[in-house]
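# Structure assessment
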Amino acid sequence: MSTKDQSITSKTTNKADRHQEKLFLADVKAIIIEAGLGKTRSAILKKQLIVYGGQYHRSIQSDTTHIIASKNIKLARLCTILKIDTIPSNLIVVDADWLSQSLTKGQLIDVGQFNLVKRVQPKTTSVQLDKALTKDDNAATLEHGKKEQIKRHSDASPCTDNSDHNEVPPASQKRPLEEKKISSPVWLKIKRGRFSKTNTKKRAIDNSNIIHQPLDSDSDYVESDDDNNANTSEIEMVLSQLPAKYTAKPSSSWACARPSSLPVKNRNKHITDILEILQKKYENLGDQWRVKGYTKAISSIKNYPREITTREEAEAIPNIGKRLADKIWEIISCGHLRKLDYMDNDVQTALNVFTKIWGAGPATAHNWIAQGLYTLDDIRAKAKLNYHQSIGLKYYDDFNERIPRAEVVEIEAVIREEATAIEPGLEVITCGSYRREKPTCGDVDILISHPNGRSHQGAYHKLLRRLQAKDFLTEILVNQDVDIDHQKLLGVCKLPEEGRKYRRLDIIVVPYREWACSLLYFTGSGHFNRSMRLLARKKRMHLSEHAISVGVLRKVTACSVLKYGNQKLTRGTPVPTKCEADIFALLGLDYLEPKDRDC
DNA sequence: AGGCCAATACTG
DNA sequence: CAGTAT
DNA sequence: GCCT
């Protein structure tokens, strides 16, 4: 087989694996019967089905593979709903639990025991569907002991005769690996405790499956082999004081709980291009929340594995609601969005240009346009600029150009050299997208501290003076000197050689006790940080660039009794952290490498 | 209907 | 204070 | 914008 089709071919690199696991429902093209499942559940299943690469069909199509239904539904009812007399022999009617459990597990599980229509002979019109489940023990299997598991495994399900040919469409017989994984009992690997920081995705997934198990009796968890270090004992001590509900492992619906996925080829560029124009418009309007909505939607579409062809398909994608689905449908069917015609393109263009000036946002840009300014030359000639904006304009082209990693390395080297000359033990680390291993960066974020907890003091000002003295630091936009322990520079630097570009440089000095939280924060991504802070809040903790605290109480907002508002009542107790892994552990998350935080 | 991260500093 | 930025 |  050709090697180019990686999405199907089983590759063995970590990333390819992850990618593949993500789309483990790729061979499932299913109808979901709402009756008996309820609106909510069927909606969830539908969304999840699509998220993991499956296709949702509203009615039976030539390539439909599964009918997913409640185990209690009667065959007659099913046929009525589907407007057919018999179930076509190429279709598998399967209990919705099959999908649910596959989703929990992150991989396709054996369809056997969930098969609702045994295909002894094709037209068993009278078969009582639920009969298939008389065995009782189906849904509970995960909770039961291993012997039960093994037994079930060997004695196979009632319909073993045809189970292999009806479990997944012949289209792709090539997934022996799921079978493999299934047959090797998961619980053998369970042993390790909930804080084992597994590095391989595979183990992470296994763990996530296991987490439902009552973790009472497993007190014998082994102290995981060092890996990311962590003063595990201290962190666990803190955790042990917390109510169980706050120590549970967050689901993968949290962006901070799963590694950022490989970039997938965007098969819906015709859609995202237009949505991005709209998003830009709202950005220029300063409508941050709508922009956020678009961001999530566009990201979902870009990660969607197929070309979107129907409105329903679009609406089933997470973060796409009715209104975006309508827009998408218009794009699909007309190849065009009328709304765009109503936009004043000259204004939009000018706004886009102006807001790329560092220090100018939507409000400023609108002001300028109101004054009849439309081009950068207009701005240069007539606009009134504050200091930030004048620098932003002066280096407009340079600032809007990405910085190659190699150059970031050079810039970092300059700073490290000067810092080390001031105080040998200073730690100098470049965060931001550089640390997340992006090929290019928008700016350079450098974090500085000293392990002894005090020698960072005073270094900042000396460092600035030295960098200025060698004409490396050319402009200072913001010089934030909070206290003896905290300084921040937003500035501009340029390497000495002729022809080098001016680059945005941030330098942050923090006390070492804040090292972990600072590192986490300045590494980002922004979305990752938001997700993690929100999670912290849900767990009654509080995460900032300074510290993570437990036992934070917030005021309950008027209308949502169960949700926490953002007004703090008590500040909580900061937990000492020595590395990023400590923070992940406190939040019940598997550790993620910086490159996996790129969401 | 209201949340969607948090906290702070600078400019004018 | 509003606006911008990190 | 979307989601709860």
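Only a predicted model underlies this, so the values are computations on that prediction, with no experimental measurement involved.

## Some details on the overall build of chain A
Looking only at helices and strands, chain A has 25 helices and 16 strands in total. For chain A, the residues scored as buried account for 46% of the 599 residues in total.

## Re the pairing of strand β6 (residues 427-430)
Two faces make up the sheet, and in a regular strand the side chains alternate between them. Only one face of β6 is buried, namely the one carrying Val428 and Thr430, since none of Glu427 and Ile429 on the opposite face is buried. Alignment of β6 against strand β8 (residues 444-449), held across four bridges, turns out to be antiparallel. Within β8, the position partnered with Ile429 by the bridge is Leu447.

## What to know about the packing of helix α15 (residues 345-354) against helix α16 (residues 362-370)
Look at α15 against α16: their axes get within 9 Å of each other, and the N-to-C directions meet at 130°. Comparing the axis directions of α15 and α16 gives the class oblique. Every pair of crossing elements has a handedness; the one defined by α15 and α16 is right-handed. Contact with α15, carried on its side by Val347, Ala350, Leu351 and Phe354, involves Ala365, His366, Trp368 and Ile369 of α16 and no other residues of that element.

## What about the side chain of Asn284?
Its place among the elements puts Asn284 in helix α10 (residues 269-285). Within the local environment of Asn284, its side chain forms a polar contact with the side chain of Asn352, the two groups lying 2.8 Å apart. Setting aside its immediate chain neighbours within four residues, Asn284 contacts Gln348, Leu351, Asn352, Thr355, Pro362 and His366.

## Some thoughts on the pattern of salt bridges
Applying the stated rule across the entire model yields 23 salt bridges. Put simply, Asp326 and Lys322 hold a salt bridge, and the shortest N to O gap is 3.2 Å. In this pair, Asp326 and Lys322 are both assigned in helix α13 (residues 322-334), four residues apart and thus about one turn of the helix distant. For Lys322, a relative accessible area of 54% corresponds to the exposed category. The partner of Arg597 in a salt bridge is Glu580, and the shortest N-O contact between them spans 2.8 Å. You can see Arg597 sitting in the segment after α25 (580-586) and its partner Glu580 sitting in helix α25, a full 17 residues away along the chain. An identical accessibility class is assigned to Arg597 and Glu580; each is buried. Because the salt bridges share partners, they merge into one network encompassing Arg311, Lys322 and Asp326.

What counts and what doesn't
- Residues numbered from 1 in each chain as written.
- Chains lettered and ligands numbered in written order.
- Predicted model: local features only at pLDDT ≥ 70, side-chain atom pairs only at ≥ 80, totals over all residues.
- Heavy atoms only, no water.
- Helix = DSSP H or I, 4+ residues; strand = E, 2+ residues; numbered from the N terminus.
- Buried < 20%, exposed > 50% of the residue type's maximum accessible area, 1.4 Å probe, protein only.
- Pairing = 2+ DSSP bridges.
- Axes fitted to C-alpha atoms, helices over the stretch in contact; angles between N-to-C directions.
- Parallel < 35°, antiparallel > 145°, perpendicular 65-115°, else oblique.
- Left-handed = near helix turned anticlockwise from the far one by under 90°.
- Contact = heavy atoms within 4.5 Å.
- Polar contact = N/O pair within 3.5 Å; in protein donor to acceptor, adjacent residues only side chain to side chain.
- Salt bridge = Lys/Arg side-chain N within 4 Å of Asp/Glu carboxyl O.

By themselves these figures say nothing about function.
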